[in-house]
Amino acid sequence: MTPAELATTVKEAATRVLAAHDLDASVVPDTVTVERPRNPEHGDYATNIALQVAKKAGTNPRELAGWLADDLSEDPAIDSAEIAGPGFLNLRLAAGAQGQLVAKVLAEGDQFGHSDLFAGEKVNLEFVSANPTGPIHLGGTRWAAVGDSLGRVLEASGAHVTREYYFNDHGGQIDRFSRSLVAAAKGEPTPEDGYGGDYIRDIAQAVVEKHPHALEGSEAEVQETFRAVGVEMMFAQIKASLHDFGVDFDVYFHENSLFESGAVDKAIATLKDNGNLYEADGAWWLRSTDFGDDKDRVVLKSDGDAAYIAGDIAYVADKFDRGHTLAIYMLGADHHGYIARLKAAAQALGYNADAVEVLIGQMVNLVRDGQAVKMSKRAGTVITLEDLVDAIGVDGARYSLVRSSVDSTLDIDLDLWTKQSSDNPVYYVQYAHARLCSIERKAIDAGVSYAEPDLSLLSHDKEGDLIRTLGEFPAVVKAAAELREPHRIARYTEELASAFHKFYDACQILPKAGEDAEPIHAARLALAMASRQVVANALGLIGVNAPERM
């Protein structure tokens, strides 16, 4: 029995006993909360449903809890139901009911934890979207790991997810990039507002090798050659780096296409027609304060050129016009102002502002030997994705970036994440999976099968703790999807690995050499294999490998 199934049982019992006492059963909420108590001596689960609804129903909490305890005690899946305090109810499951969860995990396999929570939802998930003027820095790397993980979690919850990279190829940053390439090709100093680093020299050299006459012609022609070829080369490197990091996109959307296709002009015309764009001081302004923004925004400047927000407005429209029902933007720490303006843009165009979500990620710092790592050999001024992967590997990098909430600044201790010990979180959970795989290999060699186990034999405290931890996985995935917080998956995986290691230390899973296999060995092997499945499922949702050997 999963916590969700137990919650349904409690809900049905509450409805039943209130009706039996001629009280209002409609006060029972659709969702009843059952939680594992902090002190396991209090039971397997606890619920406050009596405290929650007694007064509304016209009784007192302890009396309602007593009725519930009597009703639930009749359920063969519940071993005991006891009243605590002012009306809490502590529940213990029967061993057979707990064992059913092991069977459920084994039957559902890699689908355990999946749901149809967001079935029918078409999500446009935009993340990374770094300017093609340099390698992916640590902030972008964090979004690569978190964004890809969030996409996996949403898909596991039934959503259709389009992973999208917004390619900023329109604006001044591209001009500065191309001027920097030209300067490097000529052996001149980097322009004052330009980009430095070894990668600039490498790309400049590659452009010249591909186009030997790239430096010939007018200044504008030279600039255009280095712009077109250099951006293409830089973006190819970005794609390759992300692919090696386990992150691929369904759509690479070019900002410039919004201007070339007329989408910007169309959006501006729509806003003029519906009265949400007005003229003042020679410019055209979006009435964004009417939709919750802190100020109105210039869309068309007095010289007739489109302001940066014009592309943002057209892009919002494009996302919904492509059939997406939810647009999630994952932006950097300096983009808080975008939350209100993007929602305002959507509403001004006639779309649902609530269908626009903006997640803001905080900065990432690397620490080695207690000191901050500040410079990259490749990029010159920032730490890159490649720097992090070179230091701790792809799995370590992804796990370290995903396991903390993006709301907080993250310090990654390179000394910690390279340790092969339980201090290193990714090593700890991967070692648990490898140990579980080893158990299966040894079981095969010993001829121990878990094909038809008697799961009611799993009555040891550590067996129960492990089973209940397995049972929490669907709720963790649900919360991670609803709250857009994939770090919950990583933290849960560490709890599961801890519960398994404690079970492993306390319970003999396989018979000792020379002993015959007993039914308890098959039951414990089934529990171990269910644990292996859930560890693998959890790691898969955050894009981290589940190794069979370490």
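As the structure is a computational prediction, the values presented were derived from the model and not from experiment.

What counts, and where the lines are drawn
- Residues numbered from 1 in each chain as written.
- Predicted model: local features only at pLDDT ≥ 70, side-chain atom pairs only at ≥ 80, totals over all residues.
- Heavy atoms only, no water.
- Helix = DSSP H or I, 4+ residues; strand = E, 2+ residues; numbered from the N terminus.
- Buried < 20%, exposed > 50% of the residue type's maximum accessible area, 1.4 Å probe, protein only.
- Contact = heavy atoms within 4.5 Å.
- Polar contact = N/O pair within 3.5 Å; in protein donor to acceptor, adjacent residues only side chain to side chain.
- Domains from an automatic or database assignment.
- Buried area = accessible area lost by both parts, 1.4 Å probe.
- Salt bridge = Lys/Arg side-chain N within 4 Å of Asp/Glu carboxyl O.
- Pairing = 2+ DSSP bridges.
- Axes fitted to C-alpha atoms, helices over the stretch in contact; angles between N-to-C directions.
- UniProt positions renumbered as here; feature names shortened; annotations may be inferred.
- Expected span 1.5 Å × (residues − 1).
- Parallel < 35°, antiparallel > 145°, perpendicular 65-115°, else oblique.
- Left-handed = near helix turned anticlockwise from the far one by under 90°.
- Phe/Tyr/Trp six-rings, centres within 6.5 Å; stacked < 30°, edge-to-face > 60°.
- Lys NZ or Arg CZ within 6 Å of the ring centre and 35° of its normal.

Let's talk about the environment of threonine 141
Moving on, step 1. For threonine 141, the location among the structural elements is in helix 5 (residues 138-156).
Moving on, step 2. Given the relative accessible area of 0%, threonine 141 is considered buried.
Moving on, step 3. C-alpha separation for the pair threonine 141 and alanine 130, spaced eleven residues apart in sequence, amounts to 9.7 Å.
Moving on, step 4. Other than its neighbours up to four places away in sequence, threonine 141 contacts Ile136, Phe245, Thr384, Leu385, Leu388 and Leu401.
Moving on, step 5. Polar contacts involving the side chain of threonine 141 include one to the main-chain carbonyl oxygen of histidine 137, which spans 2.8 Å.

Points about the domain arrangement of the protein chain
Moving on, step 1. Each assigned domain of the protein chain is listed here: domain 1 (3-93), domain 2 (99-115 + 421-542) and domain 3 (127-261 + 362-418).
Moving on, step 2. Every contact between the two is made by 23 residues of domain 2 and, on the other side, 20 residues of domain 3.
Moving on, step 3. Between domain 2 and domain 3 the total buried area reaches about 1,900 Å² when both faces are included, carbon and sulfur atoms providing 61% of it.
Moving on, step 4. Seen at the junction of domain 2 and domain 3, the total is one salt bridge.
Moving on, step 5. The shortest N-O distance in the salt bridge between glutamate 494 and arginine 403 comes to 2.8 Å.
Moving on, step 6. Seen at the junction of domain 2 and domain 3, the total is eleven residue pairs in polar contact (both at pLDDT 80 or more).
Moving on, step 7. Among the elements that make up the side of domain 2 that touches domain 3, the one with the highest residue count is helix 18 (residues 487-506) (six residues).

Quick look at the sheet that holds strand 12 (residues 356-360)
Moving on, step 1. Taken together, the five strands give an open sheet; going across it, the order is 7-6-5-11-12, and neighbouring strands pair in parallel fashion. Of all the strands in the sheet, just strand 7 (251-254) and strand 12 have a single pairing partner and so form its edges. Between one strand and the next, the sheet's axes are offset by a mean angle of 25°, whatever the strand orientation.
Moving on, step 2. Bridge count between strand 11 (residues 326-331) and strand 12: five bridges; the pairing is parallel. Within the sheet, the bridge partner assigned to isoleucine 328 lies in strand 12 and is glutamate 357.
Moving on, step 3. Contacts from helix 11 (residues 308-321) reach strand 5 (122-126), strand 6 (160-167), strand 7, strand 11 and strand 12 within the one sheet, and its direction differs from that of strand 11 by about 140°.
Moving on, step 4. Of the strands in this sheet, strand 11 and strand 12 touch helix 12 (residues 337-348), which is tilted by about 170° from strand 12.

Concerning the side chain of aspartate 148
Moving on, step 1. Looking at where aspartate 148 falls in the secondary structure, it is placed in helix 5.
Moving on, step 2. Judged by relative accessible area, aspartate 148 falls into the buried class, the value being 4%.
Moving on, step 3. With near-sequence residues (within four places) excluded, aspartate 148 lies in contact with Phe127, Trp143, Arg163, Gly246, Val247 and Arg398.

Some remarks on the UniProt feature "short sequence motif: 'HIGH' region" (unreviewed entry) in the protein chain
Moving on, step 1. When the UniProt feature table is mapped to this numbering, "short sequence motif: 'HIGH' region" (unreviewed entry) covers residues 130-140.
Moving on, step 2. For the annotated span residues 130-140, helix accounts for 27% and strand for 0% of the residues, and the straight-line distance between the end C-alpha atoms is 7 Å.

Section: helix 3 (residues 61-73)
Moving on, step 1. Counted at 1.5 Å a residue, the expected span for helix 3 with its 13 residues is 18 Å, and the 18 Å between its end C-alpha atoms agrees.
Moving on, step 2. Among all positions of helix 3, only Leu64, Ala65, Gly66, Trp67, Leu68, Ala69 and Leu72 are buried.
Moving on, step 3. Where helix 3 begins, the capping side chain belongs to asparagine 60, and its oxygen is found 3.2 Å from the backbone nitrogen of arginine 62.

A word on the sheet that holds strand 15 (residues 410-413)
Strand pairing in a sheet relies on backbone hydrogen bonds, with the paired strands running either antiparallel or parallel.
Moving on, step 1. Taken in spatial order, the three strands of this open sheet run 14-13-15, and their pairing is mixed. Both edges of this open sheet fall to strand 14 (371-373) and strand 15, since each of them pairs with a single strand only. The sheet shows a mean angle of 40° between the axes of neighbouring strands, taken without regard to direction.
Moving on, step 2. In this sheet, strand 14 lies alongside strand 13 (residues 364-368) in antiparallel orientation, the contact comprising three bridges. In the strand pairing of strand 14, arginine 368 is matched with glutamine 371.
Moving on, step 3. Strands in contact with helix 13 (residues 385-402) are strand 13 and strand 15; relative to strand 15, the strand with the most contacts, it is inclined by about 130°.

A closer look at the UniProt feature "domain: DALR anticodon binding" (unreviewed entry) in the protein chain
Moving on, step 1. According to UniProt, the positions carrying the feature "domain: DALR anticodon binding" (unreviewed entry) are residues 429-550.
Moving on, step 2. Structurally, residues 429-550 comprises 68% helix and 0% strand, and the distance from its first C-alpha atom to its last is 11 Å.

Describing the packing of helix 11 against helix 12
When two helices pack together, their arrangement is given by the angle between the helix axes and the distance between those axes.
Moving on, step 1. Look at helix 11 against helix 12: their axes get within 9 Å of each other, and the N-to-C directions meet at 60°. As the angle between them shows, helix 11 and helix 12 are arranged oblique. For helix 11 against helix 12, the interelement crossing comes out right-handed. Contacts between helix 11 and helix 12 involve Tyr308, Ile309, Asp312, Ile313, Val316 and Phe320 from the first element and Tyr338, Arg341, Leu342, Ala345 and Ala346 from the second.

Details of the packing of aromatic side chains
Moving on, step 1. Applying the stated rule across the entire model yields 19 aromatic pairs.
Moving on, step 2. Pairing tyrosine 165 with phenylalanine 235 gives two aromatic rings, centres 5.2 Å apart and planes at 70°, and the pair type is edge-to-face. Here phenylalanine 235 lies in helix 8 (residues 219-244) and tyrosine 165 lies in strand 6, a separation of 70 residues in the sequence. Here the two residues tyrosine 165 and phenylalanine 235 agree in accessibility, since each one is buried.
Moving on, step 3. Members of the aromatic cluster, each reached through a chain of ring pairs, are Phe127, Tyr165, Phe167, Phe235, Phe249 and Tyr252.
Moving on, step 4. The ring of tyrosine 329 carries lysine 319 above its face, with NZ or CZ at 4.6 Å from the centroid.
Moving on, step 5. Its end group placed over the ring of tyrosine 338, arginine 341 keeps NZ or CZ at 4.4 Å from the ring centre.

Section: the packing of helix 13 against helix 15 (residues 425-446)
Moving on, step 1. Running from N to C, helix 13 and helix 15 point in directions that differ by 110°, and their axes come no closer than 9 Å. Between helix 13 and helix 15, the angle falls in the class roughly perpendicular. For the element pair helix 13 and helix 15, the recorded crossing hand is right-handed. Touching Asp395, Gly396 and Tyr399 of helix 13 are Pro425, Val426, Val429 and Gln430, all from helix 15.

Here's the deal with the pattern of salt bridges
Opposite charge on two side chains lets them pair, provided their charged atoms get close.
Moving on, step 1. Per the counting criterion, the structure on display carries 24 salt bridges.
Moving on, step 2. With its nearest N and O atoms 2.8 Å apart, the salt bridge here joins aspartate 148 to arginine 152. Of this pair, aspartate 148 and arginine 152 both sit in helix 5, four residues apart, which is roughly one turn of the helix.
Moving on, step 3. Several salt bridges converge on common partners, so that one network encompasses Asp148, Arg152, Glu155, Arg163 and Arg398.

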